[in-house]
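This is what each chain is made of:
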Amino acid sequence: MKQKLKRVFAVIGVILLAAMYLMTLMLAVFHTEENQNIFYGFVMLDIAVPVMLWILCFFIRHFGGGE
């Protein structure tokens, strides 16, 4: 069960990261003054999401029930 849960989180993470990287790239290319805060937000999310996924996998590995 743990392996399935980790795989699901990994797939969700890959899709989420790819979408965020694409949005960050688009905001950088089509830079306007209104989009500046959104761009910085996506840059911070590009850092925070992998860290949060790692923490989630850590907790599943050490505190997950079952097997």
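Residues numbered from 1 in each chain as written. Predicted model: local features only at pLDDT ≥ 70, side-chain atom pairs only at ≥ 80, totals over all residues. Heavy atoms only, no water.

The next point concerns the overall build of the chain. Looking only at helices and strands, the chain features two helices and zero strands. Here the C-alpha radius of gyration of the chain, 15 Å, is well above what a compact globule of 67 residues would show, namely 11 Å. Principal-axis analysis of the C-alpha atoms places the extent of the chain at approximately 50 × 15 × 10 Å. Sorting the 67 residues of the chain into buried and exposed places 15% on the buried side. Intrachain contacts of the chain at a sequence separation of at least 6 include 66% that bridge at least 24 residues. Only carbon and sulfur atoms are counted for the fraction: they give 76% of the accessible area of the chain, which is about 5,300 Å². Charged side chains in the chain number 5 positive and 4 negative. The centres of these two groups are separated by 27 Å. (Helix = DSSP H or I, 4+ residues; strand = E, 2+ residues; numbered from the N terminus. Rg over C-alpha atoms; globule rule 2.2 N^0.38 Å. Buried < 20%, exposed > 50% of the residue type's maximum accessible area, 1.4 Å probe, protein only. Contact = heavy atoms within 4.5 Å. Areas by Shrake-Rupley, 256 points an atom, 1.4 Å probe, with all protein chains shown as cover. Lys, Arg positive; Asp, Glu negative; His and termini not counted. Charge placed at Lys NZ, Arg CZ, Asp CG, Glu CD.)

Glancing now at the nonpolar core. Counting five residues, the largest nonpolar core is built from Leu17, Met20, Leu27, Phe42 and Val49. Within the residue set of this core, elements represented by two or more residues are helix H1 (2–29) and helix H2 (36–63). Top element by residues in this core is H1. It accounts for three residues. Residue contacts for valine 49: discarding those within four places in its chain leaves Leu16, Leu17 and Met20. (Core = buried A, V, L, I, M, F, W, Y, C linked by side-chain atoms within 4.5 Å.)

Looking now at the packing of aromatic side chains. All told, the structure shown has four aromatic pairs when counted by the stated rule. Measuring from centroid to centroid gives 5.7 Å for phenylalanine 39 and tyrosine 40, while their planes differ by 55 degrees, and the two rings are tilted. Using a relative accessible area of 45% as the deciding quantity, one classes tyrosine 40 as partly exposed. Each ring, one from phenylalanine 58 and one from phenylalanine 59, has its centre 5.8 Å from the other, and the planes form 70 degrees; the classification is edge-to-face. Judged by its relative accessible area of 29%, phenylalanine 58 falls in the partly exposed class. (Phe/Tyr/Trp six-rings, centres within 6.5 Å; stacked < 30°, edge-to-face > 60°.)

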